[in-house]
Amino acid sequence: MSVSTVAAAPSVCAPLPVLGRDVTVPLVTGGEVTYAALDYAASAPALQRVWDDVAAYAPYYGSVHRGAGYLSQLSTDLFENARRTVAEFLDCREDDQVVFTRSTTDSLNLLAAALPADCRVFVFETEHHASLLPWRGAQVTYLDAPRSHREAVETLERALADRDSRGPALVCVTGASNVTGELWPVRELAAAAHAHGARIVLDAAQLAPHHEVSVAGLDVDWVAFSGHKLYAPFGSGVLAGRADWLRAAEPYLAGGGASRRVGRREDGGVDVEWHDSAARHEAGSPNVIGAYALASACTALTEAGFDTLVAREQYLVRTVREGLADVPQVRFLSLFGDDAPRVGVLSFVVEGWNSSHFAAALSAEYGIGVRDGLFCAHPLLRTLLGSDPQAQGECGSPESAPGEKSLNAIRVSFGAGTPDEHVERFVRAVKELVADGARWNYRTEDGRCVPDTSA
C-alpha cells in the first residue's frame with residue numbers, strides 16, 4: 001500500500017496540543033520547515049495544558065511541608081493532591097504508597113536500595129538499562145530474550161522454579177519495549193511471579209504515556225514511570241506500590257523531610273526516627289512543580305480517554321508500516337513478530353545505510369527528529385541485530401562511518417501530540433532517501449554523523 005493511500009484514510013482524532021508544534025528549523029538544503037518531533041520515546045513534548053497549569057501555579061510557589069504561610073500551605077496541598085492524582089491514574093490499591101522521584105531510573109534505583117537481604121532479582125536482557133542495571137547489590141539472573149509472550153512466561157516460570165532458595169525474589173519487566181514498542185504480557189508475568197513467591201515491578205516508562213496502567217488490574221507490586229515521557233516537563237518520576245519493603249528499608253536519601261524526629265544522645269551521637277510514609281524516601285525540598293506537572297499530565301490523558309488515544313496512535317503505526325511495506329531495504333526490528341501489539345515506537349535498519357547517517361539526513365534535509373543508536377538497551381539491540389548481546393557499545397554513537405555496516409538502529413516514535421503530517425513526511429523522506437540517496441555530504445564529528453558544511 002502506498003503512503004498516499006494510507007494518508008488518505010481519516011484520522012481517528014486530532015492530536016493533543018503540545019509545546020513546540022509550530023517550531024521551524026533550518027534545512028541544510030535551504031529554507032525552513034516545521035519540526036517533526038518523532039522521538040517521543042526519549043522525551044515527549046509537554047502538553048500545552050500542562051504548561052498552562054504550571055504557569056498558573058508558578059506565582060504561588062512556596063516551600064512544601066516546611067512553612068505556615070499561605071503559599072507554603074497552598075504548595076503543600078498541591079503536592080499531596082498530585083500524589084493522590086497519580087494514585088488514581090495508576091489505580092493503586094488502598095495501602096499502596098506513591099513516592100515522587102526524579103525519573104524511572106531513580107525509581108528503580110530506589111527500589112533496588114530497598115530490597116530485603118538475600119533478595120534474588122530476575123530481569124530479561126530485553127530491558128532498558130534503567131531496569132537492567134540498578135540491582136548491583138543483589139543476586140541477579142538475566143533471562144534471554146523471548147520470542148513470544150508464551151515463551152516469556154515459560155522462561156520466567158522455569159527460572160523462578162529453579163532458584164536455590166525460597167527467600168525474597170523480585171521480577172523486573174517492561175510494559176512496552178523502548179526499542180520495538182511491543183507490549184509485554186505483564187498480567188501473565190505477574191501471575192507467574194506470585195505463583196512462585198516472587199514480587200514484580202513494572203517499568204511503565206513507555207507504557208503509561210500510551211495505555212491505561214492499573215496496578216490493581218495488572219496485579220503488579222510496584223510500577224515506575226517518568227514525567228518527561230508522559231508529556232510533563234521537569235525532572236519528575238514515580239515509584240508506586242507496596243509499602244512494606246519501602247518502610248523497612250533505610251531512607252533512599254538521609255535528610256530533612258525523611259526524618260520524623262532527630263535527637264542527640266549522651267554519647268554525642270544522633271538518634272533518628274524516620275517516617276513510615278512516602279516521605280521516608282523523599283528527603284530534601286521536593287520538586288513540587290515537577291510533581292504538579294506530572295499529575296496535570298495524568299489528568300489530561302485520563303480526560304482525553306486512552307481508548308481514543310490508542311486508536312489514533314495505531315492509525316499512525318499503520319501509516320508507517322504500510323507506507324514502507326514496499327521498501328525492502330527497510331527492516332523493522334521485532335521480538336514477537338510484525339503483528340504483535342505495540343505502542344507508537346518502531347525501530348528499523350536500512351540496507352546499505354549507517355543508521356547515524358540516515359538519521360542525520362532525516363534531520364538536516366527534512367526537519368525530522370528521530371533517534372539512532374542502541375537506545376540504552378544494548379543487549380536487546382545486539383540480539384535483534386544478530387551480534388554478540390554482551391558486546392559493548394556507547395549510547396547514540398555510530399560505530400562505523402557513513403556507508404559502512406552499522407550495528408545501530410533508527411527509532412521513530414510518536415504519541416498523543418503527533419500530527420498526521422509529521423508521520424506522512426517521515427514515510428516520504430525514508431522512501432526518497434532509499435531511492436535517491438542523501439542530497440548532502442556528511443562527515444563524522446565527535447562520534448556523530450553531521451552535515452559537511454566545509455565546502
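Quick caveat: nothing in here was measured; it's all calculated off a predicted structure.

1. Some details on the side chain of Q206
Now for step 1: Relative to the helices and strands, Q206 resides in the loop between β8 (199-203) and α8 (215-218).
Now for step 2: Classification of Q206 as buried rests on a relative accessible area of 6%.
Now for step 3: A distance of 2.9 Å separates the side chain of Q206 from the backbone oxygen of A41, its partner in a polar contact.

2. Describing helix α12 (residues 355-366)
Now for step 1: Between the first and last C-alpha of α12 there are 16 Å, a value that for 12 residues agrees with the 16 Å anticipated at 1.5 Å per step.
Now for step 2: Taken across its 12 residues, α12 has 11 buried, putting it largely inside the fold.
Now for step 3: Considered for burial, the residues of α12 that qualify are S355, S356, H357, F358, A359, A360, A361, L362, A364, E365 and Y366.
Now for step 4: At the N-terminal end of α12, a side-chain oxygen is found 2.8 Å from the backbone nitrogen of S356, two or three residues along, and the residue is N354.
Now for step 5: Phi turns positive, to about 70°, at G367, one or two residues after α12.

3. Overview of the packing of aromatic side chains
Now for step 1: Scanning the entire structure with this criterion turns up 13 aromatic pairs.
Now for step 2: With centroids separated by 5.2 Å and ring planes inclined at 55°, the aromatic side chains of F124 and W184 adopt a geometry described as tilted. Taken as a pair, F124 in strand β5 (residues 120-124) and W184 in the loop between β7 (169-174) and α7 (186-195) lie far apart in primary sequence, 60 residues in all. When sorted by exposure, F124 lands in the same class as W184, which is buried.
Now for step 3: Centre to centre, the rings of W353 and F358 are 4.9 Å apart; their planes meet at 85°, and the pair counts as edge-to-face.
Now for step 4: Judged by relative accessible area, which is 0%, F358 ranks as buried.
Now for step 5: Ring pairs connect the aromatic residues F332, F348, W353, F358 and F426, which therefore count as one cluster.

4. Side note on the nonpolar core
Now for step 1: Within the largest apolar cluster, 85 residues are counted, with the highest numbers of intra-cluster contacts made by V86, L90, L156, L202, F225, V238 and L381.
Now for step 2: Tallying contributions element by element places helix α10 (residues 288-304) first for this core, with 10 residues.
Now for step 3: If sequence neighbours within four positions are ignored, L381 has contacts with V179, L333, G373, L374, F375 and A409.
Now for step 4: A36, W353, V370 and F414 belong to the second largest nonpolar core, which has 35 residues in total.

5. Points about the pattern of salt bridges
Any two side chains of opposite charge can pair, on the condition that their charged atoms come close.
Now for step 1: Tallied over the entire structure, the rule returns 23 salt bridges.
Now for step 2: Between R265 and D271 there is a salt bridge; the shortest N-O distance is 3.1 Å.
Now for step 3: Beyond isolated ion pairs, a larger network of salt bridges with shared partners links E80, R83 and E282.

6. Focus: the sheet that holds β7
Strands pair in a sheet through their backbones, by hydrogen bonds, and they do so in one of two ways: parallel or antiparallel.
Now for step 1: Here we have 7 strands laid out as an open sheet, ordered β4-β10-β9-β8-β7-β5-β6, and mixed in their pairing. Either end of the sheet is taken by a strand with one partner, and the two such strands are β4 (97-101) and β6 (139-143). Taken pair by pair, the neighbouring strands of this sheet meet at an average axis angle of 20°, ignoring direction.
Now for step 2: Across 4 bridges, the pairing between β5 and β7 is parallel. Across the sheet, the residue bridging to F122 is V171, located in β7.
Now for step 3: Each of β4, β9 (222-226) and β10 (237-241) is contacted by helix α3 (residues 70-89), which is oriented at about 115° to β4, the strand it contacts most.
Now for step 4: This element, α7, spans β7 and β8 of the sheet and lies at about 155° to β8.

7. Structural notes on the packing of α3 against α10
Angle between the axes and distance between the axes are the two parameters that describe a pair of packed helices.
Now for step 1: Between α3 and α10, whose axes approach to 9 Å, the crossing angle comes to 40°. With respect to α10, the element α3 is oriented oblique. For α3 against α10, the interelement crossing comes out left-handed. Contacts between α3 and α10 involve S75, L78, F79, A82, T85, V86 and F89 from the first element and V288, A291, Y292, L294, A295, C298, T299 and T302 from the second.
Now for step 2: For the contact of α3 with α10, the class distribution of residues is 11 nonpolar, 4 polar and no charged.

8. Focus on the confidence of the model for the protein chain
Now for step 1: For the protein chain, mean pLDDT is 91; residues scoring 70 or higher make up 93% of the total.
Now for step 2: Between residues 1-11, whose pLDDT stays under 50, and residues either more than four places distant or in other chains, the model counts 21 contacts.
Now for step 3: Throughout residues 388-405 the model reports pLDDT below 50, and contacts reaching past four residues in sequence, or to other chains, amount to 44 contacts.

9. Description of empty space enclosed by the protein
Now for step 1: In the structure shown here, the tally under the stated rule is 1 cavity of 30 Å³ or more.
Now for step 2: There is about 80 Å³ of room inside the largest cavity.
Now for step 3: Every residue lining the largest cavity is listed: C13, A14, P15, P209, H210, Y231, L309, V310, R312, E313, G415 and A416.
Now for step 4: In the lining of the largest cavity, the residues fall into 8 nonpolar, 2 polar and 2 charged.

Basis of the calculations
Residues numbered from 1 in each chain as written. Predicted model: local features only at pLDDT ≥ 70, side-chain atom pairs only at ≥ 80, totals over all residues. Heavy atoms only, no water. Helix = DSSP H or I, 4+ residues; strand = E, 2+ residues; numbered from the N terminus. Buried < 20%, exposed > 50% of the residue type's maximum accessible area, 1.4 Å probe, protein only. Polar contact = N/O pair within 3.5 Å; in protein donor to acceptor, adjacent residues only side chain to side chain. Expected span 1.5 Å × (residues − 1). Phe/Tyr/Trp six-rings, centres within 6.5 Å; stacked < 30°, edge-to-face > 60°. Core = buried A, V, L, I, M, F, W, Y, C linked by side-chain atoms within 4.5 Å. Contact = heavy atoms within 4.5 Å. Salt bridge = Lys/Arg side-chain N within 4 Å of Asp/Glu carboxyl O. Pairing = 2+ DSSP bridges. Axes fitted to C-alpha atoms, helices over the stretch in contact; angles between N-to-C directions. Parallel < 35°, antiparallel > 145°, perpendicular 65-115°, else oblique. Left-handed = near helix turned anticlockwise from the far one by under 90°. Nonpolar A, V, L, I, M, F, W, Y, C, P; charged D, E, K, R; others polar. pLDDT = per-residue confidence, 0-100. 1 Å grid on protein atoms, 1.4 Å probe; cavity = no way out; pocket = protein on both sides within 12 Å on 5 of 7 lines; lining within 4 Å. Points joined across faces, edges and corners; volume = space filled by probe spheres on them.

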